[in-house]
Amino acid sequence: ILSDGYEIRPSLVAMVRAKSFSGRKDECPYTHLQEFEENCSLLSIPIMNQNTLRWKLFSFSLTGNAKVWYNRTAVRVGGDWIQLKDEFGLFFFPVSKVIPHRVQLLTFKQGDGESLGAAWA
């Protein structure tokens, strides 16, 4: 995680902050991660790999409860972007939220003569 001799420009921080995640119930952490990683993939700092860049920028993409979570978690995971990303997803979209969606998918039935769209609605 240590990379000397680089500058993260204020415009870059502003871009990341523009798509912030606060941890509200109506926000999807996986959508946030996907958009954040897409933005980071557009950037290149020659002496820094992508995971280090993501680690350094991620805190700027968080506000509110998500920022509080980050401050408690970042030190413990110690610079491991993959672990941080996994823990972020599980914290803000825990398995207890996944199970009802799985059940809905596994028990889905389309009636005779019913269109797929009508059955799913």
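Residues numbered from 1 in each chain as written. Predicted model: local features only at pLDDT ≥ 70, side-chain atom pairs only at ≥ 80, totals over all residues. Heavy atoms only, no water.

Following both chains from N to C, one finds helix 2 (residues 29-41) and helix 5 (residues 81-92) inclined at 150°, their axes separated by 9 Å at the closest point. Relative to helix 5, helix 2 is oriented roughly antiparallel. In contact with Pro-29, Tyr-30, His-32, Leu-33, Phe-36 and Glu-37 of helix 2, helix 5 contributes Trp-81, Lys-85, Phe-88, Gly-89, Leu-90 and Phe-92. Of the residues assigned to the contact of helix 2 with helix 5, the class counts are 8 nonpolar, 2 polar and 2 charged. (Axes fitted to C-alpha atoms, helices over the stretch in contact; angles between N-to-C directions. Helix = DSSP H or I, 4+ residues; strand = E, 2+ residues; numbered from the N terminus. Parallel < 35°, antiparallel > 145°, perpendicular 65-115°, else oblique. Contact = heavy atoms within 4.5 Å. Nonpolar A, V, L, I, M, F, W, Y, C, P; charged D, E, K, R; others polar.)

Attention now moves to the environment of Lys-25. Structurally, Lys-25 can be placed in the loop between helix 1 (10-18) and helix 2. Among the residues examined, Lys-25 registers a relative accessible area of 76% and is labelled exposed. (Buried < 20%, exposed > 50% of the residue type's maximum accessible area, 1.4 Å probe, protein only.)

The next thing to look at is the packing of aromatic side chains. Taken as a whole and judged by the stated rule, the model has 15 aromatic pairs. Relative to Trp-81, the ring of Phe-58 lies with its centre 5.2 Å away and its plane at 75°, an arrangement referred to as edge-to-face. Here the residue Phe-58 occupies a position in helix 3 (residues 50-58), and Trp-81 occupies one in helix 5, the gap between them amounting to 23 residues. Under the relative-accessibility criterion, Trp-81 is labelled buried at 2%. With centroids separated by 6.1 Å and ring planes inclined at 35°, the aromatic side chains of Trp-69 and Phe-91 adopt a geometry described as tilted. Residue Trp-69 is located in helix 4 (residues 64-77), and its partner Phe-91 is located in helix 5; the two are separated by 22 residues in the primary sequence. (Phe/Tyr/Trp six-rings, centres within 6.5 Å; stacked < 30°, edge-to-face > 60°.)

By size, the foremost hydrophobic cluster in this structure holds 22 residues, and its most contacted members are Phe-58, Tyr-70, Leu-84 and Phe-88. No other element matches the 5 residues that helix 4 contributes to this core. With near-sequence residues (within four places) excluded, Phe-58 lies in contact with His-32, Leu-33, Phe-36, Trp-69, Tyr-70, Trp-81, Leu-84 and Phe-88. (Core = buried A, V, L, I, M, F, W, Y, C linked by side-chain atoms within 4.5 Å.)

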